[in-house]
Every structure is written in C-alpha cells, then in structure tokens.
Amino acid sequence: MTSLKGYFKLAIVAFTMSMAIFCALASWQLIFPLRSPVFFPFSETYYARAKASEAPERGIYWAQMAIQTAPSRAENWVLLAYCYQREDRTLSDRVIDALRMSYGIGTLSADVHDWRLLYVFSNWNYMPKDLQDFATIEAGQYIRRRSGYFYVTSLQASVPDKEAKEAIGALLLELRTTGNTRYENSHAQD
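Residues numbered from 1 in each chain as written. Predicted model: local features only at pLDDT ≥ 70, side-chain atom pairs only at ≥ 80, totals over all residues. Heavy atoms only, no water.

Draft legend 1. Local environment of the nonpolar core. Residues L80, L99, L117, Y119, F121, M127 and V152 are the most contacted members of the largest nonpolar core, which totals 47 residues. Those elements giving two or more residues to this core turn out to be helix 2 (43-52), helix 3 (56-69), helix 4 (74-88), helix 5 (93-105), helix 6 (113-122), helix 7 (129-142), helix 8 (146-158) and helix 9 (162-177). With eight residues, helix 4 is the largest single contributor of residues to this core. Setting aside anything within four residues of it in sequence, one finds M127 in contact with L91, I96, L99, Y119, V120 and Q132. (Core = buried A, V, L, I, M, F, W, Y, C linked by side-chain atoms within 4.5 Å. Buried < 20%, exposed > 50% of the residue type's maximum accessible area, 1.4 Å probe, protein only. Helix = DSSP H or I, 4+ residues; strand = E, 2+ residues; numbered from the N terminus. Contact = heavy atoms within 4.5 Å.)

Here it is, written out as structure tokens:
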C-alpha cells in the first residue's frame, strides 16, 4: 500500500511540474512571440509574426495561420488584407475580400476599430461602396465612446482623401448636433 501512495505522490509531482513547464512555455511564447519557438497555436503569436515579416509571402502565411487558429477575430482578417496588399501592391480583390470578411466577422469589434478605420479611410477612393458604408457605420458607433471620439477626430485630420475627411466630418457633425458633445469634455468617460 505504501508504494501506491508513493506512486500517487510522484504522479502529482510529475503533473504539477509538467503544468508549470507548459505554463512557462506558453507565457514565453505570448510575451516574446517573435523570439520564442512556436510551441502552441496562439493567434497572437501568428499575428505578431505576420506584422513583423519582411517578406510579404511570409506575412500572408502567418496571417493565414492566425485566421486558421482564430477565424472569428476580425483583426486577423484586416491583417490578412494588409499582407495581401503588401504583396499585390494594390487593393486587389483578395484585399477587399479579406476586409469584407473582417466586417462580416466583427462589424463593431473593439479590437480592430482603430486599424480598420485607418485602413479604409486612408484608401477611401479605392474602397468599394459597401466597405465605405461599413466603415461609416463603424466610425459612427465608435465615436459614441470617448476613446473613439478622440480617435475618429484625429483620424479625420490624418487621412489624405478629401471625401474621407468629409465623411468623418459628417459623422462628427451629426454627433454634435444630436447633443452628444460630452466627448469634448475632458471629464467624459467610456
């Protein structure tokens, strides 16, 4: 009977040690996604590697891995669009399709607002009407939050296209005329 207790204790120690190693490796990969080996299929690791890739085809590979791991994360689809555009050097059909998927997956996804709005409004004249409409709806919802209001206001100043500036300006004007100007107050909260 004593040996059974010993084996049980040994099993508990082995399990605890393996879990500690598992957690340490997972943490290492999440904290240093570009410098650690890929031990686990974490979307965040693939995302970081895609953004950091020098070669567009490697970026596409890592973005596709991120999507395969977490297809319901809209930011992975925007990343794929970005990687496709790097390789294609234009807003090709596959870039547009990836952006459409990002809106289909998460129209109002908080993790992607800033980058997706910058992407669409910076390429406004080249975007199809449906993507312009999606971005307008997204920006219109986002500006109702304090951080969104400040982001969209700064976005209007930074986008190069006059029509994009006007589209953002119309959203801001609508917000102000409906009495939702509390965002201009520095004490406003999200």
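Draft legend 2. Up close: a nonpolar patch on the surface. A surface patch of nonpolar side chains, amounting to about 470 Å² of accessible area, comprises W28, L30, I31, F32 and F39. Its location among the elements puts F39 in the loop between helix 1 (2-31) and helix 2. (Patch = residues over 30% accessible without salt bridge, like charges linked within 9 Å, V, L, I, M, F, W, Y side chains within 5 Å. Areas by Shrake-Rupley, 256 points an atom, 1.4 Å probe, with all protein chains shown as cover. Salt bridge = Lys/Arg side-chain N within 4 Å of Asp/Glu carboxyl O.)

Draft legend 3. Inspection of the packing of helix 5 against helix 6 at higher detail. Viewed as axis vectors pointing N to C, helix 5 and helix 6 meet at an angle of 140 degrees, and their least axial separation amounts to 12 Å. Relative to helix 6, the element helix 5 is oriented oblique. In the crossing of helix 5 with helix 6, the sense of the turn from one axis to the other is left-handed. For the pair formed by helix 5 and helix 6, the contact residues are V95, L99, S102 and Y103 on the first element and R116, L117, Y119 and V120 on the second. Each residue belonging to the contact of helix 5 with helix 6 can be placed in one class, and the counts come to six nonpolar, one polar and one charged. (Axes fitted to C-alpha atoms, helices over the stretch in contact; angles between N-to-C directions. Parallel < 35°, antiparallel > 145°, perpendicular 65-115°, else oblique. Left-handed = near helix turned anticlockwise from the far one by under 90°. Nonpolar A, V, L, I, M, F, W, Y, C, P; charged D, E, K, R; others polar.)

Draft legend 4. Summary view of helix 5. Between its terminal C-alpha atoms helix 5 stretches 18 Å, which fits the 18 Å expected from 13 residues at 1.5 Å a residue. Taken together, the buried positions of helix 5 are occupied by V95, I96, A98, L99, S102 and Y103. End-on, the buried residues of helix 5 take up no more than an arc of 160 degrees, which puts them together on one face. The exposed residues of helix 5 that point more than 90 degrees off its buried face are D93 and G104. For helix 5, the elements touching its buried residues are helix 4, helix 6 and helix 7. (Expected span 1.5 Å × (residues − 1). Arc of directions from axis to C-beta.)

Draft legend 5. Molecular detail of the environment of W28. In this fold, W28 is placed in helix 1. Its relative accessible area of 35% is what places W28 among the partly exposed residues. Distance from W28 to V38, taken between C-alpha atoms, is 9.8 Å for residues 10 residues apart in sequence. Excluding its chain neighbours within four sequence positions, the residues that come into contact with W28 are R35, S36, P37 and F39.

Draft legend 6. Spatial organisation of the side chain of T45. You can see T45 is positioned in helix 2. Those residues in contact with T45 that sit more than four places away from it in its chain are Q29, P33 and V38.

Draft legend 7. Examining the side chain of S102 more closely. One can find S102 in helix 5. With relative accessibility at 0%, the residue S102 sits in the buried group. Setting aside residues no more than four positions away along its own chain, S102 makes contact with A74, W77, V78, T107 and R116.

Draft legend 8. Structural view of the pattern of salt bridges. Per the stated rule, a full pass over the model turns up nine salt bridges. The residue E44 makes a salt bridge to R73 at a minimum N-O spacing of 3.0 Å. On the criterion of sequence distance, the pair formed by E44 in helix 2 and R73 in the loop between helix 3 and helix 4 is long-range, its members being 29 residues apart. You can call R73 partly exposed: its relative accessible area is 27%.

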